[in-house]
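Given next are the chains, with one letter for each unit.
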Amino acid sequence: GDSVTQMQGQVTLSEDDFLFINCTYSTTWYPTLFWYVQYPGEGPQLLLKVTTANNKGISRGFEATYDKGTTSFHLQKASVQESDSAVYYCVLGANSGTYQRFGTGTKLQVVP
Amino acid sequence: EAAVTQSPRNKVTVTGGNVTLSCRQTNSHNYMYWYRQDTGHGLRLIHYSYGAGNLQIGDVPDGYKATRTTQEDFFLLLELASPSQTSLYFCASSGGLGGYEQYFGPGTRLTVL
């Protein structure tokens, strides 16, 4: 069945550092790959969506890409700010008629 | 005007108690979901539904029932609550399954003593 793996449980960076979060996925169908962000006390919200058609997404300074060869997808930001402190989830959707699969989340803490 | 609302926001009950969590969406979405969120596990799908009267099981359905009474309303029922069900519960809605964005509610924190 479909699955997604998110290995980085927690990341601590200083302001202006580079952020890179990586997930791997497995599906026999065409994937749609999402990144959701969850700020403290809130529900998750969509940050970026990447499909096989567009290959890349950019929003709020974040960039999401995927690599079909290695079945991995990535979230990066050139310069993080304290306000980016949150939990980031990678999510796999597929056109298989089944529900989306969430990674276990990466808690990002940005210190001043 | 929040599109997905949940009630109550906090709930404390005792082991063996009966709990109902409520969710309402105003997105006119067909799909609604119930997740639980626990440290180290992220978000895990309990049940989902694609319309009134429909119910599908997710990855962790044991100990939970759910009912979709209308397109807008989806309920999660814990008939014999246990301490292992202490968690943060989220409801979400979407227009479809795999390729569709999910819209989440603010969450309900449930404590089972």
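Since this is a predicted model, take the numbers as computed values, not measurements. All residue numbers refer to position in the chain's written sequence, counted from 1. Lettering for chains starts from A, numbering for ligands starts from 1, and both go in the order in which the items are written. Given that this is a predicted model, residues contribute local features only at a pLDDT of at least 70 and side-chain atom pairs are listed and counted only at 80 or more, while totals for whole chains, interfaces and linings are drawn from all residues. Water and hydrogen atoms were dropped before computing side-chain values, which therefore reflect all heavy atoms in the structure.

Quick look at the sheet that holds strand 3 (residues 19-26) of chain A
Residue and element names in this part refer to chain A. The antiparallel open sheet is built from five strands, whose spatial order is 1-3-8-7-6. For this open sheet the edge positions go to strand 1 (3-6) and strand 6 (56-59), each flanked by a neighbour on one side alone. Taking the axes of each pair of neighbouring strands and ignoring which way they run, one obtains an average angle of 20° across the sheet. Strands are labelled as partners when DSSP assigns at least two bridges between them. Numbering goes from the N terminus for both helices and strands, where a helix is a DSSP run of H or I of at least four residues and a strand is a run of E of at least two. Lines are fitted to the C-alpha atoms to define the axes, a helix being fitted only along its stretch in contact, and any angle between axes, read from their N-to-C directions, falls within 0 to 180 degrees.

A closer look at the sheet that holds strand 1 (residues 4-7) of chain B
Residues and elements named next belong to chain B. Taking strand neighbours across the sheet as the criterion, the four strands line up as 1-3-8-7 in an open arrangement whose pairing is antiparallel. Strands with a single pairing partner mark the edges of an open sheet, and in this sheet they are strand 1 and strand 7 (65-68). The average angle at which neighbouring strand axes cross in this sheet is 15°, direction not considered. Bridge count between strand 1 and strand 3 (residues 19-25): four bridges; the pairing is antiparallel. Each residue of the ladder has a partner; that of Gln-6, found in strand 3, is Cys-23.

Topic: the interface of chain A and chain B
Quoted interface sizes are often the accessible area lost when the parts come together. Every contact between the two is made by 19 residues of chain A and, on the other side, 22 residues of chain B. Summed over both partners, the interface of chain A with chain B buries about 1500 Å², with 54% contributed by carbon and sulfur atoms. Elements represented by at least two residues in the side of chain A that touches chain B include exactly strand 4 (31-38), strand 5 (45-51) and strand 9 (86-94) of chain A. The element that contributes the greatest number of residues to the side of chain A that touches chain B is strand 4 of chain A, accounting for four residues. Taken together, the residues that form the side of chain A that touches chain B break down as eight nonpolar, nine polar and two charged. Whether two residues are in contact is decided by their heavy atoms: any pair within 4.5 Å suffices. In short, buried area is how much 1.4 Å probe accessible area vanishes from two parts on joining, totalled over both. Only Asp, Glu, Lys and Arg are considered charged in this grouping, and only Ala, Val, Leu, Ile, Met, Phe, Trp, Tyr, Cys and Pro are considered nonpolar; every other residue, Gly among them, is considered polar.

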